[in-house]
Amino acid sequence: MRASDEDRKRVIGVLQRHTEAGRLTLDEFSDRVGTVYAAKTLDDLRAAVVDLPALSPSPSTPPPPSHTTAARCC
């Protein structure tokens with residue numbers, strides 16, 4: 001499935017949190033952000049975070065968009 005700009009923003013947020021936690025250096029963060037911006041599919045995005053542990057959602061982080069439901073209009 002194709003990655004959206006919102007998907008990319010969400011993954012970059014995850015990378016920022018891992019960088020803040022000390023799991024990534026600034027150079028690693030920068031490289032992975034480049035990977036995220038070049039990503040065309042959701043699998044490409046997963047490649048940027050596959051080796052990182054899952055983060056528990058923070059209260060201010062909205063849930064990821066669901067790609068299984070049809071978009072509603074009007």
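Residues numbered from 1 in each chain as written. Predicted model: local features only at pLDDT ≥ 70, side-chain atom pairs only at ≥ 80, totals over all residues. Heavy atoms only, no water.

To continue, consider the overall build of the protein chain. Secondary structure assignment for the protein chain yields three helices and zero strands. The N-to-C order of helical and strand elements in the protein chain reads α-α-α. Counting every position in the protein chain, which comprises 74 residues, the buried fraction comes to 24%. Pairs at least 24 residues apart make up 68% of the contacts formed inside the protein chain by residues separated by at least 6 positions. For the protein chain, the accessible area works out to roughly 5,500 Å², and carbon and sulfur atoms hold 55% of it. (Helix = DSSP H or I, 4+ residues; strand = E, 2+ residues; numbered from the N terminus. Buried < 20%, exposed > 50% of the residue type's maximum accessible area, 1.4 Å probe, protein only. Contact = heavy atoms within 4.5 Å. Areas by Shrake-Rupley, 256 points an atom, 1.4 Å probe, with all protein chains shown as cover.)

Attention now goes to the pattern of salt bridges. Under the defined criterion, the tally for this structure stands at four salt bridges. In this structure, Asp 7 engages Arg 10 in a salt bridge whose closest nitrogen and oxygen atoms are separated by 3.2 Å. Of this pair, Asp 7 and Arg 10 both sit in helix α1 (residues 5–20), separated by three residues, roughly a single helical turn. Here Asp 7 falls in the buried class, since its relative accessible area comes to 0%. A salt bridge links Arg 46 to Asp 43; its shortest N-O distance comes to 2.3 Å. On the criterion of helical spacing, the pair formed by Arg 46 and Asp 43 is a turn pair, its members being three residues apart in helix α3 (residues 42–46). (Salt bridge = Lys/Arg side-chain N within 4 Å of Asp/Glu carboxyl O.)

Moving on, we get to the packing of α1 against helix α2 (residues 26–38). In a packed pair of helices, the relevant descriptors are the angle between the two axes and the axis-to-axis distance. As a packed pair, α1 and α2 sit with axes 10 Å apart at the nearest point and diverge in direction by 170°. By the angle class used here, α1 and α2 are roughly antiparallel. In this structure, α1 uses Arg 8, Val 11, Ile 12, Leu 15, Gln 16 and Thr 19 to contact α2, whose residues at the interface are Leu 26, Phe 29, Arg 32, Val 33, Val 36 and Tyr 37. Here the residues of the contact of α1 with α2 sort into eight nonpolar, two polar and two charged. (Axes fitted to C-alpha atoms, helices over the stretch in contact; angles between N-to-C directions. Parallel < 35°, antiparallel > 145°, perpendicular 65-115°, else oblique. Nonpolar A, V, L, I, M, F, W, Y, C, P; charged D, E, K, R; others polar.)

A separate point is the nonpolar core. In terms of nonpolar packing, the biggest core is built from 13 residues, with Val 11, Leu 15, Val 33, Val 36 and Leu 45 touching the most fellow members. Those elements that provide at least two residues to this core are α1, α2 and α3. Beyond its immediate stretch of four places on either side in the chain, Val 11 contacts Val 36, Leu 45 and Val 49. (Core = buried A, V, L, I, M, F, W, Y, C linked by side-chain atoms within 4.5 Å.)

The end-to-end C-alpha distance of α1 is 23 Å, a good match for the 22 Å that 16 residues give at a rise of 1.5 Å each. Taken as a whole, α1 has its buried residues at Asp 7, Arg 8, Val 11, Ile 12, Leu 15, His 18 and Thr 19. Seen end-on, α1 carries its buried residues on one side only, within an arc spanning 130°. Turned more than 90 degrees from where α1 packs its buried face, Lys 9 and Glu 20 sit exposed. Packed against the buried residues of α1 are α2 and α3. (Expected span 1.5 Å × (residues − 1). Arc of directions from axis to C-beta.)

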